[in-house]
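Residue-level structure breakdown
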Amino acid sequence: MQNHIAKFADNSKVKIGKCNRFHFRFQMGRKTINQGIDRRQILIGVAVLMGGSLLPGSVAALENSDAGARDASFSVLTKKQFRTLSVIADIILPETDTPGAVGVGVPSFIDWALDTWLLPEETSAFLAGLENFSQQNARFLTAKSAVQETVVRSLDQQLHDLPTGLEFYRQLKELVLIGYYTSEIGATLELAYDPIPGGYQPFTTENSVKAWAT
Amino acid sequence: MKTVQKPGNYDFDVIVVGSGMSGGWVAKEMCERGYKTAVLDRGEALEHGADYKTEGKGPWELPGRGNVSKQEALQDYEHVRLCYAFDEFTKRHFIKDRDHPFTVKDGKRFDWIRSSSVGGKSLLWHRHSYRLSEMDFMANKLDGHGCDWPIRYDDLKDWYSYVERFAGISGAAEGLPQLPDSDFQKPFEMNQVEKDAKASIETAFPGRKVIMGRCAHLTEPTEEQLDLGRGPCQARNECQRGCSWGGYFSSLSATLPAADRTGNMTLIPNAQVQEVVYDEATRRATGVRMVDMVSGDRVFISARVVFVCASTLGTAHILLNSRSTAFPNGIGNTGHALGHYLMDHVSGAGATAMIDGYEDHYYSGRRPTSLYIPRFRNVTEQTDKFIRGYGFQGEATRASWNSAIGAKGVGKEFKNKIQLQGPWRFWLTGFGEMLPRHENHVSLSATETDAWGMPLLEISCAYGDNENRIKDDMQQTAIELLQAAGFRDIQGFRRESYPGIAIHEMGTARMGHSPEDSYLNGKNQCHLVDNLFVTDGAAMTSTACQNPSLTFMALSARAAAYADEQLKSGVL
Ligand SMILES: Cc1cc2nc3c(=O)[nH]c(=O)nc-3n(C[C@H](O)[C@H](O)[C@H](O)COP(=O)(O)OP(=O)(O)OC[C@H]3O[C@@H](n4cnc5c(N)ncnc54)[C@H](O)[C@@H]3O)c2cc1C
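These numbers were taken from a predicted model, which means no experiment stands behind them.

**Considerations on the overall build of chain B**
If you tally the helices and strands in chain B, you get 11 helices and 19 strands. Over its C-alpha atoms chain B spans a radius of gyration of 23 Å, differing by no more than 12% from the 25 Å that the globule rule assigns to 572 residues. In terms of its C-alpha atoms, chain B occupies a principal-axis envelope of roughly 80 × 55 × 50 Å. For chain B, the proportion of its 572 residues judged to be buried stands at 58%.

Below, the structure is given as structure tokens:
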């Protein structure tokens, strides 16, 4: 019997309370953000910031050409679906003084969501809707960006009452927003992010300030 | 501190089953008094700090950006997925329901939310901490629902102070009889919207108070807390991932380290306790039988005293399964109380609103607590619609990007608008008292066992009329309060919900005056087995409407002190 306990005692005794009291004193008030932005995001982000006037389509191409294995890394989307989504996503959240949806990798996030997050039936419905969209807008990918934008704007106007067959747009828009604002650029550059605020402090300000990402 | 002599014929002086909110306290108190104490927990071992794998991470650092695959949630986390705190960051700290099944009876539903690790739900809680009042300890006696509590507020008062000073409770003194003040560290601040709402509501309803939530966060850490490696709360409000600063109270940040540094604690994780063993000759519990969930080894561990603190239903499960010739239906069971009078709070009703103005107000930091509106029904304002009452939690925040979900708009203008702080909004949600009823009970499955051979727990529990009327009133009153505050777009809500989801499950081994009406006496000691104690939520004779964990802590510390006296005087 005693052996049993001895065994537990050395195999699995939990180490606790080893965080020494200077740990937090040292960190107090210090604000460190993990700077490990995905390299690809930096490259795209920088390209965009440097004034490379990348049209949505060309950003998609950049994503496609990047890192060789990119195609293989799409779990669900075909190349064409990926490009269509990329155009729509960048119309919803375009480049401003920060990168747009494609610049932060939203289409890849959507691919992940369709593969892993959403239920299979939601993914099928989404893909069917995207297919309908592509059929109804056969030349969408090659159209001028102003035309592409008109198509997306008119769909967005119907967000609360989407035409039958195009309900996927609501899901798409949600994924674009989530994918963007939970990305590192979206959270820390576009919005404000503070991993260690140090306290809760109400304040007043004359100017509009950025919203907190989390 | 006096060191007691070696356990002698026993493996340990004390066995504590469960290392959560209650068990952590018993472990600390007994270890500090010199007892060799074994703490057994079903959960996996976690190293405070080092094992909080998602702590401080941004959403982009996790594959799902915080989201758990819906398929996985449905398959593996049937109940847990309904908990508001369950996400990709916190998933590891919740139990996988699929591996730990239970059943429900009589067409009822129970959403049992359980933890997966040492430290139990103390790692996961929302830290709201409120004392019960004299009114609460008198309630059963006065209206006849449930048996009379064997203790009164005065019995627990000093123990509340004792646990508060160690745990660290932030809050403000208000002098309210129905919500006695704690020994506080300084409160978090209200923002301007909240201050104004407080003024409007208190003017419109003089019997209602809007106060800052009282929570187990360090705002002015004491030397004792600093010595344990704890530091001030950093207002990250990501607590359920674990906080290596020890900014909030958990077993892992506070009680277990205190127990550990005495050198008297042996913590045994992955240990599913299946039964407390009873010896008819001495009429004592002799120890527990457990299964090492990793190796499958079955082990008997003996001790002079056994504390069962496996969370309300975990405790009932073990006690019912502790069958002997003397107690064929569970150790100490007289057939009256064990497994019965299961309660939870009634929740899921309240209101939300939007607020005009305050554009020049904002805040930095994520306050880890909210406002609280203490109970006023049947305190300052009587109603004949129901007995007992409820309290509200709520707060004002400014909308951020997620409020753009479901909104129309595309392009630069849309994006630039999202970038700036959005409008103010407010939410209020109630927690109401549930009456003890004999028919709300648990039992053991006669046919099904879990992977380690323990009969499954069967739960039969439902809200009754009083709870449903409380829930109606929580919704209507929340609307009325937000109207009084002058807000717009007020939307009441009343969600369908089942017991369990308020995560304040209590009862099933209640305290009382005699074995005829209860399982435990006023010292959390089993009426019929002197060296068996239960100090978690199972002991609760009524629920009151306050978040209950602070009371579990106070009862645990008090019962440990009593057991110590009894051991030292040779009675145990
Ligand atoms: C998201 C969330 C928010 C909450 N918010 C609040 C709040 O704001 N305020 C408040 O007061 N309460 C809150 N609670 C509830 C609070 O967490 C519980 O009341 C408290 O943790 C219960 O303490 P306990 O010791 O009874 O059980 P637990 O803390 O759950 O500990 C029980 C331990 O027993 C172990 N165990 C179970 N069965 C066995 C077995 N057979 N063998 C061995 N070990 C076993 C478990 O692994 C666990 O570690 C919240 C809970 C959750 C999940």
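**Points about the confidence of the model for chain B**
The predicted coordinates of low-pLDDT regions are not to be read in fine detail. All names here are of chain B. Per-residue pLDDT for chain B averages 97, and the proportion of residues at 70 or more is 99%. Counting interchain partners and residues more than four positions distant, the pLDDT-below-50 stretch residues 1–6 has eight contacts. Confidence estimates for the predicted assembly give a pTM of 0.92 and an ipTM of 0.93.

**Focus: the site of the ligand**
All names here are of chain B. Among the 40 residues in the neighbourhood of the ligand, the closest are listed as Gly18, Gly20, Gly120, Gly314 and Ser549. At the level of secondary structure, the elements contributing two or more residues to the shell around the ligand comprise α1 (21–32), β8 (271–279), α8 (312–320) and α11 (549–568). Looking at the shell around the ligand residue by residue, the classes come out as 16 nonpolar, 19 polar and five charged.

**Concerning the domain arrangement of chain B**
All names here are of chain B. Assigned domains within chain B: domain 1 (12–127 + 238–344 + 438–463 + 502–568) and domain 2 (174–181 + 188–212 + 347–432 + 464–497). For domain 1 and domain 2, the distance between their C-alpha centres works out to 32 Å. Residue-level contacts link eight residues of domain 1 with 12 residues of domain 2. Looking at the side of domain 1 that touches domain 2 residue by residue, the classes come out as six nonpolar, one polar and one charged.

**Re the nonpolar core**
General note: in soluble globular proteins, nonpolar side chains tend to be found buried as a group. Residues and elements named next belong to chain B. By size, the foremost hydrophobic cluster in this structure holds 156 residues, and its most contacted members are Ile15, Val17 and Phe307. Here this core takes nine residues from α11, the largest share from any one element. Two domains each put at least three residues into this core: domain 1 (12–127 + 238–344 + 438–463 + 502–568) and domain 2 (174–181 + 188–212 + 347–432 + 464–497). If we ignore the near neighbours within four places in the chain, the residues touching Phe307 are Val14, Ile15, Val16, Val17, Val26, Phe533 and Thr535.

**Things to note about the sheet that holds strand β16 (residues 441–449) of chain B**
Residue and element names in this part refer to chain B. Across the sheet, three strands lie side by side as β3-β17-β16; this open sheet has mixed pairing. Both outer strands of the open sheet, β3 (103–104) and β16, are each paired with one neighbouring strand and no more. Two elements, β16 and strand β17 (residues 455–460), share five bridges in a ladder whose sense is antiparallel. Bridge pairing links Ser443 to Glu458 in β17. In this fold α8 packs onto β16 and β17, with an angle of close to 60 degrees to the strand it touches most, β16.

**Considerations on the environment of Ala544 of chain B**
Residues and elements named next belong to chain B. If you trace the backbone, Ala544 turns up in the loop between β19 (532–534) and α11. Among the residues examined, Ala544 registers 27 C-beta atoms within 10 Å and is labelled buried. Apart from the residues lying within four places of it in its own chain, the contact partners of Ala544 are Leu132, Asp136 and Glu433.

**Quick word on unusual backbone geometry**
Residue and element names in this part refer to chain B. Its identity as a non-glycine residue notwithstanding, Asn270 has a phi of 50 degrees, on the positive side. Mapped onto the elements of the fold, Asn270 is located in the loop between β7 (265–268) and β8. Phi angles above zero are rare outside glycine, and Thr508 is one such case at about 90 degrees.

**Description of helix α10 (residues 168–181) of chain A**
Residue and element names in this part refer to chain A. An ideal rise of 1.5 Å per residue puts 20 Å on 14 residues; α10 measures up with 20 Å between its terminal C-alpha atoms. With respect to burial, α10 is a largely interior element, 10 of its 14 residues being buried. Along α10, the residues classified as buried are Tyr169, Leu172, Lys173, Leu175, Val176, Leu177, Ile178, Gly179, Tyr180 and Tyr181. Looking at the packing, one finds that the buried side of α10 touches α6 (79–92), α7 (106–117), α9 (145–157) and α11 (184–190).

**Concerning helix α9 (residues 411–419) of chain B**
Here α9 of chain B has its buried residues at Lys415, Ile418 and Gln419 of chain B. The arc that holds the buried residues of α9 of chain B, viewed along the axis, is 105 degrees, so those residues lie on one side. Of the exposed residues in α9 of chain B, those oriented more than 90 degrees away from the buried face are Glu413 and Asn416 of chain B. Along its buried surface, α9 of chain B packs onto α11 of chain A.

**A short note on the pairing of strand β2 (residues 37–40) of chain B**
Residue and element names in this part refer to chain B. Here β2 shows no split at all, with Thr37 and Val39 on one side and Ala38 and Leu40 on the other all buried. As judged from the four bridges shared by strand β1 (residues 12–17) and β2, these two strands associate in the parallel manner. By the bridge assignment, Val16 is partnered in β2 with Val39. Remark: the β1/α1/β2 crossover connection has right-handed handedness.

**Re the interface of chain A and chain B**
The extent of an interface is frequently quoted as the accessible surface area lost upon association of the parts. Taken together, the 61 residues of chain A in the interface contact 69 residues of chain B. Put simply, the parts of the chain that give the side of chain A that touches chain B at least two residues each are α1 (2–12), α2 (21–27), α6, α7, α9, α10, α11 and β1 (201–204) of chain A. Partitioned by chemical class, the residues of the side of chain A that touches chain B number 33 nonpolar, 16 polar and 12 charged. The sheet contact formed by β1 of chain A and strand β12 (residues 361–364) of chain B spans four bridges and is antiparallel. Note that in β12 of chain B the partner of Phe203 of chain A across the bridge is Tyr362 of chain B.

**With respect to the packing of α6 of chain A against α7 of chain A**
Residue and element names in this part refer to chain A. Where α6 meets α7, the closest approach of the two axes is 9 Å, and the angle between their N-to-C directions is 125 degrees. Taken together, the axis directions place α6 and α7 in an arrangement best described as oblique. As for how α6 packs across α7, the hand of that crossing is right-handed. From α6, Phe82, Leu85, Ser86 and Ala89 reach across to α7, where they touch Val106, Pro107, Ile110 and Asp111. The residue inventory of the contact of α6 with α7, partitioned by class, reads six nonpolar, one polar and one charged.

**Concerning the environment of Tyr390 of chain B**
Residue and element names in this part refer to chain B. Here Tyr390 shows up in strand β14 (residues 390–398). The spatial distance from the C-alpha of Tyr390 to the C-alpha of Gln274 is 36 Å, given a sequence separation of 116 residues. Residues in contact with Tyr390, not counting those within four places in the same chain, are Arg375, Arg377, Gly430, Phe431, Gly432, Glu433, Ile470, Met474 and Cys545.

**A look at the packing of α7 of chain A against α10 of chain A**
Residue and element names in this part refer to chain A. Closest axis-to-axis distance for the α7/α10 pair is 9 Å, and the angle between their directions is 115 degrees. For the element pair α7 and α10, the recorded crossing hand is right-handed. In contact with Val106, Phe109, Ile110 and Ala113 of α7, α10 contributes Leu175, Val176, Gly179 and Tyr180. Grouping the amino acids of the contact of α7 with α10 by side-chain chemistry returns seven nonpolar, one polar and no charged.

The rules behind the values
Residues numbered from 1 in each chain as written. Chains lettered and ligands numbered in written order. Predicted model: local features only at pLDDT ≥ 70, side-chain atom pairs only at ≥ 80, totals over all residues. Helix = DSSP H or I, 4+ residues; strand = E, 2+ residues; numbered from the N terminus. Rg over C-alpha atoms; globule rule 2.2 N^0.38 Å. Buried ≥ 20, exposed ≤ 12 C-beta atoms within 10 Å, placed from the backbone. pLDDT = per-residue confidence, 0-100. Contact = placed C-beta atoms within 7 Å. Near = placed C-beta within 6 Å. Nonpolar A, V, L, I, M, F, W, Y, C, P; charged D, E, K, R; others polar. Domains from an automatic or database assignment. Core = buried A, V, L, I, M, F, W, Y, C linked by C-beta atoms within 7 Å. Pairing = 2+ DSSP bridges. Axes fitted to C-alpha atoms, helices over the stretch in contact; angles between N-to-C directions. Expected span 1.5 Å × (residues − 1). Arc of directions from axis to C-beta. Right-handed = clockwise from strand over helix to strand, strands pointing away. Parallel < 35°, antiparallel > 145°, perpendicular 65-115°, else oblique. Left-handed = near helix turned anticlockwise from the far one by under 90°.

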